[in-house]
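A structural walkthrough
Letter by letter, the chains look like this.
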Amino acid sequence: MSERKPVIEVRGLRFRYADGTMALDGVDFRLYAGETVALFGRNGSGKTTFVHHLNGLLRGEGEVTVCGLPVKKENLPTVRRKIGLVFQDSDEQLFMPTVLEDVAFGPLNLGFGAAEAIEVARAALREVGLESLANKAPYHLSAGEKKRVALAGILAMQPEILVLDEPTTFLDPPSQSQLASLLRSLPQAKLIVTHDANFALALATRAVFFEKGKIVAEGSVEEIVERFQWIPRTLREREFTTHQAE
Amino acid sequence: MHIPDGFLSTPVWLGLDVVSLPAVGYVARRARRELEETRIPLLGVMGAFVFAAQMINFPVGAGTSGHLVGSALLAITLGPGAAAVVMTAILGIQAFVFQDGGVLALGANVFNMAFAGVLAGYLPYHFWGPRRLAFIAGGALSVLAGAALAIVELLVSGVPVPRPALLVSSGIFAVTALLEGLITAAVLEGIEKLNPGFIRKPEKTRPRALAVVGLTAVLLAAVGVLFASAYPDGLESLAESIGIADRARTLFATPLMDYEAQFFGSPWMQKAAAGLAGLALIYGVCLMIGRYVRRQRRA
Amino acid sequence: MHHVVIERWSRGSSVLHSRDARIKLLVTLGYLIALATTPGLTLARAALYAVPIAAGIQLGRLPAGALLARAAVVLPFSATFALFSVIAGDTARAVSLVVKSYLSAAAVLVLVGTTPLPKLLRGMELLGAPRMLTLVVQFLFRYLFVISEHAQHMRLAALCRGSGGARLRFRAAAGAVAVLFARSFGRAEGIHRAMLARGFSGETPALPMVIDAVDVLFLIVGLAAALALRVIPL
Ligand SMILES: Nc1ncnc2c1ncn2[C@@H]1O[C@H](COP(=O)(O)OP(=O)(O)OP(=O)(O)O)[C@@H](O)[C@H]1O
Ligand SMILES: [Mg+2]
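**Brief notes about the sheet that holds strand S7 (residues 161–165) of chain A**
All names here are of chain A. Pairing within the open sheet is mixed, and its six strands lie in the order S6-S7-S8-S3-S9-S10. The open sheet is flanked by strand S6 (83–86) and strand S10 (214–219), the only strands paired with a single partner. Averaged over neighbouring strand pairs, the angle between their axes works out to 20° when direction is ignored. Where strand S3 (residues 36–41) and strand S9 (residues 206–211) come together, five bridges link them in parallel fashion. Within S9, the position partnered with Ala38 by the bridge is Ala207. Strands in contact with helix H6 (residues 143–155) are S6 and S7; relative to S6, the strand with the most contacts, it is inclined by about 170°.

Shown next as structure tokens:
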């Protein structure tokens, strides 16, 4: 695997928000073609900030390269075409008046004709199993449906790399397994930010752990989950004992 | 106060449509060029914010409460051009979706609230900088200017408003205006606390043009109100004696009169043609002014 | 929230729903102008002006009761001024104010009840409205729901802390609005990022609209009807 060229390469990435928060503090990371990496980390550890650097939505110090292209102003259109980013907050991603128009937004920006864009959008909606919602307004969807429409909006652009920021929040268990099998069937390299160890175990080939804006551990999903006790069951047990103690 | 359709006399609504709608187009195009493209979602979301903020009540004692109107707040945080665009969007949604304000009267409402209200809200801040008194004055002036203009428009249109009603509503406006000032200042201070440095010193570009337009609108409003409350009957008789409404009607009809007569015999066909021509005329004038302004800017 | 009702109507299907938005806009404007410019509106002519509203409700399969009730939101305002007119001895004007404002509101409701807002905006754009403005309106409408929900929460939060005096509660409300402002601002930034992430570069080509023969016929009949209402001698 290490002989292959990485599709994403990040070196010494640092970023500070305008209010002074040091959100990324020297991140080194590689994603190779065909692999699926799970990105774990506590709330506020900088995961979302990190993935927003991959397609240049945020720009910090350090190097980010996508498919050999450095992420800088003149490469942004290409980079954004290669990376499909599903946002943590679907309400930010779904801004068009109807579901179909929203999914067609990306293809239209890529220069597809109207008819073609609609067709691609329908196909993507079919893939996430929501074709019947094509004419609904996004704000009338349930949270889980919003997530899936957001994913369809990305799939419609046929990106080479998929980056998903907490794709399982709000999904019920059947939709989670549907999403897992859909993602497994897609050939692209994937980076999945998640708090869900089981979802990661089912999908990812590798995991990295974020802490205070840095990757502090890297290994198989099992190793990382074990090492950081990233399984909800233990959390529940702990909560239970503290409750009892009170 | 949003004026519904059916209240303003034809020259008033027509005149204000012809002034306001191309002006909004001009401001929107300029805002689009001057601001980064980030601003389009921002302006829309801030419009939604103003709507939503009106759900939050501000207690003023005696069991009553008020809420934010927003033009001064928008003008100070987004700048007057962007604020005018947002206010226009809000008024448009109110007219079409909520039946709050008329569609033909949209030009009048935009003039009162998106232009005069925003400018009046902005000017104190522009001259005195970011300080509490400027915020309070801005909030108060924005409400006063909008309300005063609306009343003047109604009076000029010949809608009778008895003197006591005028006095009572002036009192209500004064209270609302003061409240808007206090709310605007309190909210701006809250924003500044959350994001220190967010409210910057006003940019000192094009101060003269802004000041002239703004002062004219405010003066117009003030004079109108003074005049109206001092001589309520005077204003009505003024409108009557000038006969604005009738004159405009003949103005529109005359150039077509002879022409029509040769083609259509019956009198109602003449009127029909005149009406149609009027419709086309408004539209044509709006488009032409828009085009002209665009070309001016490009050149 | 009640704007949802209109939206549901607008997503129905009928002859009126399938007309081009531009055509419906022009016909509605024709009607509004005819109504607004009618001098000395008599009750007989008012009845005549009610006919297209009834026809619109019928053709658009709109719920008559609900629509007419919604149009009544203008009445408190109109009634106040109508009262002033009556006091001033001008009953004719009183009738005209009430009838004109009410029928105008009803006409606009028929328009927005049969035209989804995005199409209406697109229509305005094709008739010359600046795209910047229609986009802002579109975003406003889209996020009205989301931000209102935030506001609802902030309002409750302000109420919960509102046991103090009016002064304190005033401060709490101002704080809530300030937080709402900051959140809206942050939200807008997120939206903009999401647009960029999907290749937005300032201008997305809009889907085209086509006018068919029925539309043209509708326009002619509609405008002719508006003119007829204005000028038919009674
Ligand atoms: N716009 C912003 N301005 C200032 N600070 C920010 C901003 N966005 C995020 N932060 C801060 O940066 C840090 C990293 O935030 P980020 O959203 O990347 O975390 P995350 O790992 O995605 O968390 P979560 O699991 O909750 O989604 C946090 O401390 C957060 O408070
Ligand atoms: Mg996150």
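**Some points on the interface of chain B and chain C**
Contacts between the two partners involve 78 residues from chain B and, on the opposite side, 79 residues from chain C. Interface area for chain B against chain C, summed over the two sides, is near 6800 Å², with a carbon-plus-sulfur share of 83%. When residues of chain B are sorted by the area they lose upon contact with chain C, Ile56, Phe96 and Gln99 of chain B head the list and together hold 10% of the total. Here chain B and chain C share three residue pairs in polar contact (both at pLDDT 80 or more) between them. Contributions of two or more residues to the side of chain B that touches chain C are made by helix H1 (10–34), helix H2 (39–53), strand S1 (58–61), helix H3 (71–78), helix H4 (80–96), helix H7 (163–194) and helix H11 (267–298) of chain B. Considering each element in turn, the side of chain B that touches chain C owes the most residues, 13 residues, to H2 of chain B.

**Brief notes about the interface of chain A and chain C**
Listed as interface residues are 32 residues of chain A and, on the opposing side, 28 residues of chain C. Surface buried jointly by chain A and chain C totals about 2700 Å² across both partners, of which 60% is contributed by carbon and sulfur atoms. Considering only the side of chain A, the residues that lose the most area to chain C are Glu92, Phe95 and Tyr139 of chain A, jointly responsible for 26% of the buried surface there. At the surface where chain A touches chain C, the tally comes to three salt bridges. One salt bridge in this structure joins Arg198 of chain C and Asp102 of chain A, with 2.8 Å as the shortest N-O distance.

**Some points on the environment of Gly12 of chain C**
All names here are of chain C. Considering the arrangement of structural elements, one finds Gly12 in the loop between helix H1 (3–10) and helix H2 (21–37). The exposure class assigned to Gly12 is partly exposed, which follows from its relative accessible area of 35%. In this structure the C-alpha to C-alpha distance between Gly12 and Gly60, which are 48 residues apart in sequence, comes to 8.4 Å.

**Points about the packing of H3 of chain B against helix H5 (residues 106–128) of chain B**
Residues and elements named next belong to chain B. Running from amino to carboxyl end, H3 crosses H5 at an angle of 60°, the nearest separation of the two axes being 8 Å. Comparing their axes, H5 and H3 come out oblique. For the pair H3 and H5, the sense of crossing is right-handed. Taken together, the residues of H5 that come into contact with H3 (itself represented by Ser71, Ala72, Ala75 and Ile76) are Met113, Gly117, Val118, Gly121, Tyr122 and Tyr125. Classifying every residue of the contact of H3 with H5 gives seven nonpolar, three polar and no charged.

**Notes on the confidence of the model for chain A**
On average, residues of chain A score 88 in pLDDT, and 93% of them are at 70 or above. Across residues 238–246 of chain A the pLDDT falls below 50, and counting only partners more than four positions away or on other chains, this stretch makes one contact in the model.

**Comments concerning a nonpolar patch on the surface**
Residue and element names in this part refer to chain B. Residues Phe127, Trp128 and Leu133 make up a contiguous nonpolar surface patch of about 350 Å² in total accessible area. Looking at the secondary structure, you find Leu133 in helix H6 (residues 132–156). On the accessibility criterion, Leu133 (57% relative accessible area) is exposed.

**What to know about the packing of aromatic side chains**
Under the counting rule described, the total for this entry stands at 23 aromatic pairs over all chains. Site record: aromatic cluster; members linked through ring pairs are Phe40, Phe209, Phe228 and Trp230 of chain A. Looking at Arg142 of chain C, its charged tip hangs above the ring of Tyr143 of chain C, at a distance of 4.5 Å from the centre.

Scoring rules and cut-offs
Residues numbered from 1 in each chain as written. Chains lettered and ligands numbered in written order. Predicted model: local features only at pLDDT ≥ 70, side-chain atom pairs only at ≥ 80, totals over all residues. Heavy atoms only, no water. Pairing = 2+ DSSP bridges. Helix = DSSP H or I, 4+ residues; strand = E, 2+ residues; numbered from the N terminus. Axes fitted to C-alpha atoms, helices over the stretch in contact; angles between N-to-C directions. Contact = heavy atoms within 4.5 Å. Buried area = accessible area lost by both parts, 1.4 Å probe. Polar contact = N/O pair within 3.5 Å; in protein donor to acceptor, adjacent residues only side chain to side chain. Salt bridge = Lys/Arg side-chain N within 4 Å of Asp/Glu carboxyl O. Buried < 20%, exposed > 50% of the residue type's maximum accessible area, 1.4 Å probe, protein only. Parallel < 35°, antiparallel > 145°, perpendicular 65-115°, else oblique. Left-handed = near helix turned anticlockwise from the far one by under 90°. Nonpolar A, V, L, I, M, F, W, Y, C, P; charged D, E, K, R; others polar. pLDDT = per-residue confidence, 0-100. Patch = residues over 30% accessible without salt bridge, like charges linked within 9 Å, V, L, I, M, F, W, Y side chains within 5 Å. Areas by Shrake-Rupley, 256 points an atom, 1.4 Å probe, with all protein chains shown as cover. Phe/Tyr/Trp six-rings, centres within 6.5 Å; stacked < 30°, edge-to-face > 60°. Lys NZ or Arg CZ within 6 Å of the ring centre and 35° of its normal.

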